[in-house]
Structures are given as C-alpha cells and as structure tokens.
Amino acid sequence: QVQLVESGGGVVQPGGSLRLSCVASGRTVVIGVAGWFRQAPGNEREFVAAMNWRSGDTSHADSVKGRFTISRDNAKNTVYLRMDSLKPEDTAVYYCAARPGTLLQRSRDVYNYWGQGTQVTVSS
C-alpha cells in the first residue's frame with residue numbers, strides 16, 4: 001500500500017501563490033505516476049497535473065498551464081504543485097494521487113492511491 005499526505009493549502013488573494021506538497025510513504029517503489037486533482041463544490045473531481053516519477057515528464061490541464069507547475073523530490077518521496085496567479089475559480093479541495101505505470105493519464109479512475117485532500121481558497 002501507498003499512503004499520500006498533502007499539505008500547504010490555505011486562503012490566498014487572487015493573483016497570489018501557494019505550493020502544495022504531497023509526501024508518499026509505504027510501498028513507494030510501485031509509484032510510476034503522481035498527479036494532482038481538484039474538486040470544487042458541486043463539481044466532479046478534475047485533473048490538474050501529472051508527472052512520471054522516474055523520467056520527470058509532465059502534463060498539465062489547459063486551465064492551469066502556465067500558472068501551475070508539478071515537480072518532485074525523489075529523495076524525499078514528495079511531489080509538489082506550485083500554483084501562481086491564482087484565480088477564484090481555482091478554489092477547490094486539491095488531492096494528490098498516484099498509480100503504477102508510466103502513462104500520464106488524466107482520468108481519476110486509473111489512479112489507485114489518494115490523499116485526504118487539502119483546501120485551497122482564493123478570495124479577496
């Protein structure tokens with residue numbers, strides 16, 4: 001089993017920045033892809049970004065491209081989501097997810113492991 005724990009959420013003004021962290025523990029050797037999803041009230045959970053754990057290849061949703069950046073620190077078993085130029089519509093619970101394999105898939109259904117989520121609120 002893999003355990004994922006997110007941190008770094010909070011309240012920020014429009015145009016501000018946050019960095020989310022997700023620490024993986026347990027059988028981390030099975031992780032091939034790590035990703036971030038978000039879910040706003042009344043909406044489905046949607047893809048934000050994903051990264052191949054070994055190669056470092058990344059994929060970002062069009063809605064966050066150029067503003068959000070996924071990265072990792074293999075030594076710390078940690079994946080990050082740097083969020084800049086935040087907008088009110090970015091308000092959501094952000095979830096870290098992981099799966100075996102190498103494809104940077106965007107469907108939440110193929111991710112096996114999930115964190116508990118961290119709230120991000122963008123408001124003036």
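The structure presented is a predicted model; accordingly, all values stated were derived computationally and were not measured.

Participant: I tried to follow the overall build of the chain on my own but got confused; where do I start?
Facilitator: Regarding its fold elements, the chain presents 0 helices and 11 strands. Mapped from its N terminus to its C terminus, the chain presents α and β elements in the order β-β-β-β-β-β-β-β-β-β-β. Since a compact globule built from 124 residues should have a radius of gyration of about 14 Å, the 13 Å found for the chain is in line with a globular shape. By its C-alpha atoms, the chain is 40 × 25 × 25 Å across when sized along the principal axes. For the chain, the proportion of its 124 residues judged to be buried stands at 44%. When contacts within the chain are restricted to residue pairs at least 6 apart in sequence, long-range pairs at least 24 apart make up 58% of them. Put simply, the chain shows about 6,100 Å² of open surface, and 45% of that area lies on carbon and sulfur atoms. Counting 14 positive and 10 negative side-chain charges, the chain places the centres of these two groups 5 Å from one another.

Participant: Which parts of the structure should I look at to understand the pattern of salt bridges?
Facilitator: Oppositely charged side chains can form a pair if their charged atoms are brought close together. Counted by the stated rule, this structure contains 6 salt bridges. A salt bridge links Arg38 to Glu46, with the shortest nitrogen-to-oxygen separation between them at 2.6 Å. Its relative accessible area of 6% is what places Arg38 among the buried residues. When the shortest N-O distance is used, the salt bridge between Asp62 and Lys65 registers 3.3 Å. For Asp62, a relative accessible area of 62% gives the class exposed. For Lys65, a relative accessible area of 51% gives the class exposed. Taken together, the shared-partner salt bridges connect Arg38, Glu46, Arg67 and Asp90 into one network.

Participant: What's the story with the packing of aromatic side chains in this structure? I'm lost.
Facilitator: The way to describe two aromatic rings as a pair is by their centre distance and the angle between their planes. Overall, the coordinates contain 5 aromatic pairs when judged by the stated rule. Seen from the ring of Tyr95, Arg45 lies directly overhead, with NZ or CZ sitting 3.6 Å from the centre. Stacked on the ring of Trp114, the Lys or Arg Arg45 has its end atom at 4.9 Å from the ring centre.

Participant: Hey, could you run me through the state of the cysteines in this one?
Facilitator: As used here, a disulfide is simply a covalent bond connecting the sulfur atoms of two cysteines. Within the structure shown, the criterion is met by 1 disulfide. The disulfide partner of Cys22 is Cys96, and the S-S distance across this bridge is 2.1 Å. Note on the Cys22 and Cys96 pair: the S-S dihedral is about -80°, so by sign convention the disulfide is left-handed. Placement of Cys22 in strand β3 (residues 18–26) and of Cys96 in strand β9 (residues 92–99) is noted, with a sequence separation of 74 residues between them. Across the pair, Cys96 and Cys22 agree in class, each one buried.

Participant: Would you explain the sheet that holds strand β1 (residues 2–7) in this entry?
Facilitator: Neighbouring strands of a sheet are bound in pairs by backbone hydrogen bonds; such pairs are parallel or else antiparallel. Within the open sheet, the 4 strands sit side by side as β1-β3-β8-β7. Their pairing is antiparallel. Each having just a single partner strand, β1 and β7 (68–73) make up the two edges of the open sheet. Each neighbouring strand pair of the sheet contributes to a mean axis angle of 20°, computed without reference to strand direction. Bridge analysis of β3 against strand β8 (residues 78–83) gives 6 bridges, and the strand direction is antiparallel. Across the sheet, residue Cys22 finds its bridge partner in β8, namely Val79.

Participant: Would you mind going over the pairing of β7 with me for this structure?
Facilitator: Side chains on a regular strand alternate between the two faces of the sheet. Sheet topology note: the β7/β8 ladder contains 6 bridges and is antiparallel. Among the inter-strand pairings, Arg72 is bridged to a residue of β8, identified as Val79.

Participant: I'm lost on the pairing of β8 in this one. Help?
Facilitator: Burial analysis of β8 places 5 of its 6 residues in the buried class, which makes it a mostly covered element. From the end of β7 to the start of β8, which pair antiparallel, there are 4 residues, and Asn77 there has a positive phi angle of about 50°.

About the cut-offs
- Residues numbered from 1 in each chain as written.
- Predicted model: local features only at pLDDT ≥ 70, side-chain atom pairs only at ≥ 80, totals over all residues.
- Heavy atoms only, no water.
- Helix = DSSP H or I, 4+ residues; strand = E, 2+ residues; numbered from the N terminus.
- Rg over C-alpha atoms; globule rule 2.2 N^0.38 Å.
- Buried < 20%, exposed > 50% of the residue type's maximum accessible area, 1.4 Å probe, protein only.
- Contact = heavy atoms within 4.5 Å.
- Areas by Shrake-Rupley, 256 points an atom, 1.4 Å probe, with all protein chains shown as cover.
- Lys, Arg positive; Asp, Glu negative; His and termini not counted.
- Charge placed at Lys NZ, Arg CZ, Asp CG, Glu CD.
- Salt bridge = Lys/Arg side-chain N within 4 Å of Asp/Glu carboxyl O.
- Phe/Tyr/Trp six-rings, centres within 6.5 Å; stacked < 30°, edge-to-face > 60°.
- Lys NZ or Arg CZ within 6 Å of the ring centre and 35° of its normal.
- Disulfide = S-S within 2.5 Å.
- Pairing = 2+ DSSP bridges.
- Axes fitted to C-alpha atoms, helices over the stretch in contact; angles between N-to-C directions.

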